[in-house]
Amino acid sequence: MNPITFGVLTVSDSCFQDPAKDKSGPRLVALIRDSFDNAQVVISVLPDERDLIQRELRKWIDRSDVGIIITTGGTGFAPRDVTPEATKPLLDKECNQLSLVIALASLQKTKYAALSRGLCGIADNTLVLNFPGSEKAVAECFEAVRDLLPHALHLIRDNVALVQRTHAEVQDTAALPSVPSVLKRDHVCPHKTGAGDDVDRNSPFPMLPVLQALDTILSVVQRNSKVEQQLRTLVSPVNIPPFRASIKDGYAMKSTGFSGTKRVLDCIAAGDKVNQHPLREDECFKINTGAPLPENADCVVQVEDTKLVKSDKYGKEVLVEVLVEPKAGQDVRSIGYDLRVGDPVFPAVDCSPVIIKSLLASIGSQLPQRKPKVAIISTGSELLAPHQPSAAGKIYDSNTTMLEELLLYFGFDCMQQHVLGDDLTTIKQTLSDLYDAVDFVICSGGVSMGDKDYIKPALKQLKFQLHFGRVNMKPGKPMTFASRDQKYFFGLPGNPVSAFVTFHLFALPAIRWAAGWERTKCTLPIVNVTLLNDAIDLDPRPEYVRATVTSIQGQLHASVNGDQISSRLQSIVGADVLLHLPGRSDNKKQARAGDVFSASVLRYDFISKYE
Ligand SMILES: Nc1nc2c(c(=O)[nH]1)N[C@H]1C(S)=C(S)[C@@H](COP(=O)(O)OP(=O)(O)OC[C@H]3O[C@@H](n4cnc5c(N)ncnc54)[C@H](O)[C@@H]3O)O[C@H]1N2
Ligand code: MOO
Ligand SMILES: [Mg+2]
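As named in an unreviewed UniProt entry, the protein is GH24234, taken from Drosophila grimshawi. Here is the UniProt Function (unreviewed entry) comment for the protein, exactly as written: "Catalyzes two steps in the biosynthesis of the molybdenum cofactor. In the first step, molybdopterin is adenylated. Subsequently, molybdate is inserted into adenylated molybdopterin and AMP is released." Here the protein is described in UniProt, under the heading Pathway (unreviewed entry), as follows: "Cofactor biosynthesis; molybdopterin biosynthesis."

Here it is in structure tokens:
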């Protein structure tokens, strides 16, 4: 599709006085850039003055390149809200249904959306939409109409080929009985391979922003909330410690007995039963850390605060001098001091297997913990297993090993692995077998635009719902996510680094979510890092750059790991983080040394150097 030029007009007295206050305009610009390849955007900020608004809209409508104008602000009930009044006389046709889509989406969020009077309509060849003024509302309204905009524009401009393509796709999806009717409007359709005409040459999938793709995944994948409930309700069947336990290696005695010389009756070790022998104030037991206190003692004096006075001929202690005053309860853990019978075992929800398993072990219990079942598929007729001899036209398969090792690194298991040639029948057969066997399939390759990229057609024929087929990111653009019932398919792009990045950003959070992890813990931790490299040209797509972290006087700094082409696996060597470089904009074309960016932490040992 040719790039669309958008006009974004912020209407607000206060933003006009201080443009820095304008959050909604810039948000719209970012949403537009994230959603449409190479979109051009013209912007303006005006006060709530009908004539000024109308003049600006007229100017943009008269430009042949501006296809869509979105205004934000001035749609409410306040006396100065006049954006719809300024818009209305310019419209040749009103588009009430589009207003309805916006209103319905907004009303789902807040009933106050009923107080917006925004219009939608066509003026000449330009679509004009009035959005409310708040940043949140702008994002919600844009989301509601985003997928409709290109098709609307094709219709307005009478672009027959593109209109026909969309109609064909809508019918295609509509024919699928498994697709609920509310989703049919998305008409997501796999790339039709091999048809050969120009209509077939662009991906029909909108490019979703990364965060939206992640939200989609987490709203589709079912969370195992049982784990959280089990952790919240589990109470201890035992006391820890189950007996009064010594905290030190020393001597157990009566606290009423003062310091001075005491006779050593016996030695008590960890694992012994509670000694019930009578005990006088001038007597004591030698005792080890963790051993049960004798019934008649009430304190322990550590060995460092005593002096050996006499041993027998076998070396057994007979007399010790206690150098400090014994105090009741000293160096003794009372019964249930750490955890009492009936106390909650988990003071908070923590889904780390290390934590869950260790605490369960500490109360003598094992909960059957069901981990999501995951299979890995690598596709590509060029792939050789690492143990095979090299052969003409073939390359070694790194993704199968990499994805399995990543699963293991993050505490999940790989149930099955398959390496498949680029063959639709085999791919479909394997996917349908795996549908019965596992919860997640993590597949790499075959999701882009080639006529051997069979993943999307296979999913479609197997009646999977394709939630998205492209994401606005580099690397990882053709990232695909599909589901059928509670079985989830991740189509990672075949380039090894694209598979690496998309595994971390999409597949891992989904598996953690399914395993019952809390939302904030599902994604990789995010930290701020200062860039050490200078003058990196920004890509139009937001880029996830593999970088190494140095801690310089406690501040995190990142240096980029060489050439970032998505086939070069060397860029993951020493990669501590994925640096989030924003997409190129008019204001920012390069990342510079000293710029601070967010970064996703890839590994536990993520600082490579301290300076
Ligand atoms: N016309 C277009 N072509 C491509 C686009 C596009 O938008 N338009 N996107 C490019 C991007 S971005 C990526 S990423 C790749 C993704 O391709 P696929 O997911 O279809 O993967 P393949 O075509 O099967 O393979 C791509 C590349 O990766 C190598 N590969 C695949 N699997 C493995 C593996 N297991 N181990 C090692 N290397 C593997 C494969 O040999 C190819 O070189 O598409 C671009 N094309
Ligand atoms: O986005 Mo692709 O994943 O560049 O290589
Ligand atoms: Mg391909």
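A short note on the overall build of the protein
Of regular secondary structure, the protein possesses 17 helices and 30 strands. Within the protein, contacts between residues separated by at least 24 positions form 70% of all contacts whose residues are at least 6 apart in sequence. When the accessible surface of the protein is summed, it comes to about 29400 Å², and 52% of that surface belongs to carbon and sulfur atoms.

Notes on the packing of aromatic side chains
Summed over the entire model, instances satisfying the criterion amount to ten aromatic pairs. By the ring-pair criterion, three or more aromatic residues cluster together here, those being Phe440, Phe468, Phe481, Tyr488, Phe490 and Phe506. A cation sits over an aromatic face here: Arg223 above Trp513, 5.2 Å from the ring centre. Positioned over the ring face of Tyr435 is Lys487, at 5.4 Å from the centre of the ring.

Some thoughts on the coordination of the magnesium ion (ligand 3)
The protein atoms that coordinate the magnesium ion (ligand 3) are Asp453 (OD) and Asp453 (OD), at distances spanning 2.5 Å. Relative to the assigned elements, Asp453 resides in the loop between strand E19 (440-444) and helix H15 (455-461).

Focus: the site of ligand 1
Lining the immediate surroundings of ligand 1 are 22 residues, of which Glu382, Asp397, Ser398, Ser448 and Gly494 lie closest. Side-chain polar atom of Asn399 to a nitrogen atom of ligand 1: 3.4 Å apart, as the coordinates give it. Between Ser448 and ligand 1, the recorded distance is 2.9 Å, taken from a backbone N or O atom to an oxygen atom. Protein contacts shield 70% of the accessible area of ligand 1, which totals 860 Å² for the unbound molecule. Mapped by element, the contributors of at least two residues to the shell around ligand 1 are strand E15 (374-379), strand E17 (395-396) and helix H16 (496-514). When grouped by side-chain class, the residues that make up the shell around ligand 1 number eight nonpolar, ten polar and four charged.

Comments concerning the confidence of the model for the protein
Per-residue confidence for the protein gives a mean pLDDT of 92; residues scoring 70 or more make up 93%. Note on residues 169-197: pLDDT is under 50 here. Beyond four places in sequence and across chains, it has 47 contacts. In the model output, the complex is listed with pTM 0.69 alongside ipTM 0.98.

What about the site of ligand 2?
By nearness alone, every residue bordering ligand 2 is listed as Pro475, Gly476, Lys477, Asn495, Ser498, Arg541 and Ser566. Arg541 places a side-chain nitrogen or oxygen 3.0 Å from an oxygen atom of ligand 2. Tallied by class, the residues present in the shell around ligand 2 amount to one nonpolar, four polar and two charged.

Observations regarding the pairing of strand E21 (residues 480-484)
In terms of burial, E21 is a largely internal element, four of the five residues being buried. As paired strands, strand E20 (residues 465-468) and E21 are joined by three bridges and run antiparallel to one another. Residue pairing in the sheet places Phe468 in a bridge with Phe481 of E21. Of the strand pairs in this sheet, E21 and strand E22 (residues 487-492) are connected by five bridges, and their pairing is antiparallel. Bridge pairing links Arg484 to Lys487 in E22. Taken together, E21 and the strand that follows it, E22, pair antiparallel across an intervening segment of two residues, in which Asp485 is found at a positive phi of about 50°.

Description of the side chain of Thr400
On the secondary structure map, Thr400 appears in helix H13 (residues 399-409). Here Asp397 takes part through its side chain, which lies 2.4 Å from a polar atom of the side chain of Thr400. If sequence neighbours within four positions are ignored, Thr400 has contacts with Ile376, Ser378, Gln417 and Val419.

So, unusual backbone geometry
With an omega of -5°, the peptide bond between Ile240 and Pro241 qualifies as cis. Across the junction of Lys474 and Pro475, the peptide omega takes the value -5°, indicating a cis bond. By secondary structure assignment, the location of Pro475 is in the loop between E20 and E21. Non-glycine residue Asn38 carries a positive phi angle of around 55°. You can see Asn38 is positioned in the loop between helix H2 (24-35) and strand E2 (40-46). For Asn38, a relative accessible area of 53% translates into the label exposed. The residue Asp124 is not glycine, and still its phi comes out positive at about 55°.

Digging into the sheet that holds strand E6 (residues 126-131)
On the basis of which strands lie adjacent, the open sheet formed by six strands has the order E2-E1-E3-E6-E5-E4 and mixed pairing. The strands lining the two open edges of the sheet, one partner per strand, are E2 and strand E4 (93-94). Inspection of the sheet shows strand E5 (residues 120-123) paired to E6 by four bridges, in the antiparallel sense. Pairing of Ala123 across the sheet is with Thr126, part of E6. Packing against the sheet, H2 makes contact with strand E1 (5-11), E2, strand E3 (66-72) and E6, and its axis sits at approximately 165° to E1.

Conventions adopted
- Residues numbered from 1 in each chain as written.
- Chains lettered and ligands numbered in written order.
- Predicted model: local features only at pLDDT ≥ 70, side-chain atom pairs only at ≥ 80, totals over all residues.
- Heavy atoms only, no water.
- UniProt positions renumbered as here; feature names shortened; annotations may be inferred.
- Helix = DSSP H or I, 4+ residues; strand = E, 2+ residues; numbered from the N terminus.
- Contact = heavy atoms within 4.5 Å.
- Areas by Shrake-Rupley, 256 points an atom, 1.4 Å probe, with all protein chains shown as cover.
- Phe/Tyr/Trp six-rings, centres within 6.5 Å; stacked < 30°, edge-to-face > 60°.
- Lys NZ or Arg CZ within 6 Å of the ring centre and 35° of its normal.
- Donors = N, O, S within 2.8 Å, 3.2 Å for Na, K, Ca; no water.
- Near = heavy atom within 4 Å.
- Polar contact = N/O pair within 3.5 Å; in protein donor to acceptor, adjacent residues only side chain to side chain.
- Nonpolar A, V, L, I, M, F, W, Y, C, P; charged D, E, K, R; others polar.
- pLDDT = per-residue confidence, 0-100.
- Buried < 20%, exposed > 50% of the residue type's maximum accessible area, 1.4 Å probe, protein only.
- Pairing = 2+ DSSP bridges.
- Axes fitted to C-alpha atoms, helices over the stretch in contact; angles between N-to-C directions.

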